[in-house]
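# Descriptive structure summary
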Amino acid sequence: MIALRRANDGPVVAVCALAAAAALGGCVARDRGPPPARLLAGPPPSSLSAFKFFEETAPGAPLAPRPRVEGYALVNALFSDHAAKDRHVYLPPGEEVRFDADGVLEFPVGSAILKTFSLAPDLRDPARGARRIETRILVRRADGWVAWPYVWNAAQTDATYAPVGARQSWDVTGPDGKPLHIDYRVPNQNQCKTCHQHGDAITPIGPTARNLRAVRDDAPDLLADWQARGLLNVSPEALAGVQRVPAVADTTLPLAPRARAWLDINCAHCHQRAGSASNSGLYLGWSEPVATALGVGKRPVAAGRGAGDGLFVIDPGHPERSIMVHRMDSVEPGVAMPELGRSVHDPVGVALVSAWIAALPRSMR
Amino acid sequence: MRLGSSASVITLMALLAGCGGPGRGGAERPPLAPGPGAAAELQRLLITAQPGETITLAAGRFEFTDGLSLDQSKVTLKGAGPTETVLSFKGQTSAGEGLLVTGDDVVLQGFAVEDTKGDGIKSKGADRITYRDLAVLWTRGPDPRNGAYGVYPVESTGVLIERVTVSGASDAGIYVGQSRDIIVRDSRAELNVAGIEIENSSNADVHGNMVTLNAGGILVFDLPDLPVKDGRSIRVFDNQVFANDTPNFAPPGNIVASVPSGTGIMVMAASDVHVFRNQLRLNRTAHVLVAAYFLPTKDPAYDPLPHDIVLRDNDYGPGGDDPQGTLQPLAKALGGRLAAVVWDGVDSYRGQRVTPTVNMLEAGDVGFLDLQLGSTPVDLRSARPTDQRPAPSPERPPEPAPIRLAFDPAAPATPVDAAADGAPDHLQTLKELSDRLNELAAPPPPQGGR
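## Side note on the overall build of chain A
Helix and strand counts for chain A stand at 9 helices and 14 strands. In terms of overall size, chain A behaves like a compact globule, its C-alpha atoms giving a radius of gyration of 21 Å where 365 residues would be expected to give roughly 21 Å. Dimensions along the principal axes, computed over C-alpha positions, put chain A at roughly 65 × 50 × 40 Å. Within chain A, the proportion of its 365 residues that are buried is 48%. Considering only contacts within chain A whose residues lie at least 6 apart along the sequence, 55% involve residues at least 24 apart.

Shown next, in the form of structure tokens:
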């Protein structure tokens, strides 16, 4: 038996896979996984439970994934108003994920990626009293991905398809112990696409190889686990060659790569050449080589009042004069970046990117 | 046989239209009325719309707290008119614009968008889009807290903007960026930082517009460090460019913040731009500015100079008598005023000399000033102004062909005043002002005028 790492601190789930691909067949025969037809065609079911991704559990109990629904965690995650996220991927019987060294892993037709958001009354103790807000589902169909939002009911027993999204007002204790008001927004279906856009298509954002790989040698490695169980098609050499991306919160690691990693996961889904912000000329991906494209000495184009008093996206040595920090620190629509998915600012991200910009040599401009 | 079958098709279509089935051809659905739940319902309709569908909005005031978005193609969103159907975003708490369109072949028609926190209506990668009979307004008037752009098509092929009124934008009222095949006509841009801006775009006709009380009237710019560059083949003609004297209220980092208040038409770094038969009145800095991109840039693929510019048959009234911004000190040294047409005289960049091709073909009595700044990035202190006109190109650059858009109903050009009649009440005073300016404008357009 192979233990599977869970996204959160929930119980470790035992999986029926025995060793490798051959064992998967045996697993399929006793399958109680979700019926794949729902995923391949037709409109989204009106309730999350209809997919049968999870076992029925008591309201508020941890999500119990059914067979072939795999929990996973990312090295770095998009900031979403401090919400905790439970991640799962469903793979159809006999299918495997194809490796991609740089971009998002390639999931087979019929897969689904689920992200369940929850908030706790006291963000210093996110596991206690947490309530699920929404589950966003990306479904891989023959002609591409589709994105569907589901909003959890008050009883926490199920979630309902909500194409127009939802709003929830939350008053919690913030990570700093102070009261924090969160005007939580479940994005609508079009807004899903705004962030998940790649050219004309929709694509997942988080599950790149580097963002799934263990941060350290002594930590359990999800990619190796999937490979060993026949869920991921990748050579050992390619697997060993996956870049290690630093965890942004790990202050023992160097500043610059952590700041770049933060920008990569929080900004680069839009700020890339095929993304929603392609026209800005500001590209914040992990491997972006051009300093101007990263914002260094770059003048704003369509920022409008988002530019504040700043002249440059990044003014090296001067976070206080850098438009990037100004927009990360704002919660005003028209100024705040990212434009969607947050109503409060991310103190960790602001501090990290500010420190990085402060350390950039002024000669770079 | 053939006749028979097509007749039966027509009958079938008539039947379908008559029975008003649900879903497709949604024009049969009663217009959505304002009221509680209307905001969410409109967003739901925009998400579930099928190609070919028309979503109709009743007259009245719709209030939104979130931005709207339309990702489906071949959808029409239609209100009862820009003074009748108002979409107010005064209470907006999220999203970067009021309405975002990402589908192709979309028609937006007959409504107003007010007080968005960011841009008014943005369309990105939305080909063959029509903006018609719209108003995008910031009701508190010019204010740096207003959104940047009123209507904002970007990265699109095929853009038709007609009879659109935009007022109060803190960057450009009507902004077309990184696009091609563009018509902006019969529209009004008032009290914005820039009235109309065509940026990093090619193949555009900007004509029949009333552009007044902005800081800068019509801008044709090409900027560095953007994925789409080399904007060219643009005609700016038959526009009324009056009294663009509003102080520049753009946030400082934006390039438009450097446009001096009182600029009529400005061409910067774009090529093959023909400016003709416009009426220019009371623009206090200069009626026409032609300039290189004046700031340092590291973009290796960028040419900061304008090329093949043609100025002809424009009608210049009073103006240039109170220059603003960076040109103010220079004007003071010249006795307090600037000529109708000012060219920066930049003829080299990165140490490389180029032959300037600014074709100043106006009548001999039209004032002209060459600042002879030499190279860019520019230093205004190095100006050596002269009224000598540069030698025109050996052969006059051919005028770009008129833009033809397959989806353009090609209605005969509506007189500008018809657009004004459809303007919201609080703009009527502006119309009156424009009319007074019209009266001030003494002579009729010279030959070649309408």
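## Focus: the environment of A:A162
Along the polypeptide, A:A162 turns up in the loop between β9 (159-161) and β10 (166-173). Beyond its immediate chain neighbours, meaning those up to four positions away, A:A162 contacts A:P149, A:Y150, A:V151 and A:V186.

## Considering the pairing of strand β22 (residues 271-276) of chain B
Residue and element names in this part refer to chain B. A large share of β22 lies buried, amounting to 5 of its 6 residues. Inspection of the sheet shows strand β19 (residues 232-237) paired to β22 by 5 bridges, in the parallel sense. In the sheet register, R235 faces β22, and the bridge partner there is H274.

## Some points on the interface of chain A and chain B
Taken residue by residue, the interface counts 35 residues in chain A and 35 residues in chain B. Breaking the side of chain A that touches chain B down by element, the ones donating at least two residues are β11 (179-186) and α3 (189-196) of chain A. Ranked by the residues each element gives to the side of chain A that touches chain B, the list is headed by α3(A), at 4 residues. A class-by-class count of the residues in the side of chain A that touches chain B yields 11 nonpolar, 14 polar and 10 charged.

## Quick word on the pairing of strand β11 (residues 157-167) of chain B
All names here are of chain B. Within β11, 10 of the 11 residues are buried, leaving the element largely enclosed by the surrounding structure. With 8 bridges joining them, strand β9 (residues 129-137) and β11 adopt parallel strand pairing. Its bridge partner lying in β11, A135 is registered against T165. Where β11 and strand β13 (residues 180-185) come together, 5 bridges link them in parallel fashion. Looking at β13, one finds that L160 is bridged to I183.

## Examining unusual backbone geometry
The omega torsion across A:M337 and A:P338 is -10 degrees, close enough to zero to call that bond cis. Among the secondary structure elements, A:P338 is positioned in the loop between α8 (323-329) and α9 (347-359). In this chain, B:T376 is followed by B:P377 through a cis amide linkage whose omega measures 0 degrees. Within the secondary structure layout, B:P377 lies in the loop between β32 (374-376) and α4 (416-421). One non-glycine residue, B:K74, lies in the positive phi region at around 55 degrees. Its place among the elements puts B:K74 in the loop between β3 (68-70) and β4 (76-78). Of the residues examined, B:K74 has 15 C-beta atoms within 10 Å and is grouped as partly exposed. The backbone of B:D225 shows a phi angle near 60 degrees, a positive value even though the residue is not glycine. Note that B:D225 resides in the loop between β18 (216-221) and β19.

## Quick look at the environment of A:A307
Here A:A307 lies in the loop between α7 (255-266) and α8. Look at A:A307 and you get buried, because 26 C-beta atoms sit within 10 Å. Counting along the chain gives 20 residues from A:A307 to A:R327, while the straight-line C-alpha distance between them is 7.6 Å. Not counting residues up to four positions away in its chain, the partners in contact with A:A307 are A:P300, A:I323, B:P251, B:G253 and B:N254.

## Examining α3(A)
Along an α-helix, residues three or four apart share an orientation, since each turn contains 3.6 residues. Within α3(A), 6 of the 8 residues are buried, which leaves it mostly tucked inside the rest of the structure. Among the residues of α3(A), A:Q189, A:N190, A:Q191, A:C192, A:T194 and A:H196 are the ones counted as buried. In this structure, the buried residues of α3(A) make contact with β7 (131-141), β8 (144-152), β12 (197-198) and β13 (201-202) of chain A together with α2 (38-48) and β3 of chain B.

## Here's the deal with the domain arrangement of chain A
Note on interface size: it is often stated as the accessible area lost on association of the parts. All names here are of chain A. Domain parsing of chain A yields domain 1 (3-240) and domain 2 (255-364). Computed over C-alpha atoms, the centres of domain 1 and domain 2 are 27 Å apart. Taken residue by residue, the interface counts 21 residues in domain 1 and 16 residues in domain 2. Listed by contribution, the elements that provide at least two residues to the side of domain 1 that touches domain 2 are β11, α3 and β12. Here the side of domain 1 that touches domain 2 gets 5 residues from one element, more than from any other, and that element is β11. Residues of the side of domain 1 that touches domain 2, tallied by class, amount to 9 nonpolar, 9 polar and 3 charged.

## Details of the sheet that holds strand β6 (residues 112-119) of chain A
Backbone-to-backbone hydrogen bonds join strands into a sheet, with any given pair of strands oriented parallel or antiparallel. Residue and element names in this part refer to chain A. Pairing is antiparallel in the open sheet, where 6 strands are placed in the order β3-β4-β6-β7-β8-β9. Across the chains shown, the open sheet's two edge strands, defined by having one partner strand only, are β3 (69-72) and β9. The average angle at which neighbouring strand axes cross in this sheet is 25 degrees, direction not considered.

## Here's the deal with the confidence of the model for chain B
Residues and elements named next belong to chain B. Of the residues in chain B, 84% have a pLDDT of 70 or more, and the chain-wide mean is 87. Taken together, the stretch residues 411-427 has pLDDT below 50 and engages in 36 contacts with residues farther than four places along the chain or on a different chain. Both confidence scores are given for the complex: pTM 0.86, ipTM 0.84.

## Considerations on the environment of B:S88
All names here are of chain B. Among the structural elements, S88 can be located in strand β5 (residues 85-88). The class of S88 is partly exposed, set by 19 C-beta atoms lying within 10 Å. A sequence separation of 146 residues divides S88 from I234, and the C-alpha atoms of the two residues are 34 Å apart. Setting aside its immediate chain neighbours within four residues, S88 contacts R61, F62, E63, F64, E114 and D115.

## Description of α7(A)
Residue and element names in this part refer to chain A. Look at α7: 16 Å from first C-alpha to last across 12 residues, which is about the 16 Å you get at 1.5 Å a residue. Across the 12 residues of α7, 9 count as buried, placing the element largely inside the fold. Those residues of α7 that fall on the buried side of the exposure criterion are R258, A259, R260, A261, W262, L263, D264, I265 and N266.

Criteria and cut-off values
Residues numbered from 1 in each chain as written. Chains lettered and ligands numbered in written order. Predicted model: local features only at pLDDT ≥ 70, side-chain atom pairs only at ≥ 80, totals over all residues. Helix = DSSP H or I, 4+ residues; strand = E, 2+ residues; numbered from the N terminus. Rg over C-alpha atoms; globule rule 2.2 N^0.38 Å. Buried ≥ 20, exposed ≤ 12 C-beta atoms within 10 Å, placed from the backbone. Contact = placed C-beta atoms within 7 Å. Pairing = 2+ DSSP bridges. Nonpolar A, V, L, I, M, F, W, Y, C, P; charged D, E, K, R; others polar. Domains from an automatic or database assignment. Axes fitted to C-alpha atoms, helices over the stretch in contact; angles between N-to-C directions. pLDDT = per-residue confidence, 0-100. Expected span 1.5 Å × (residues − 1).

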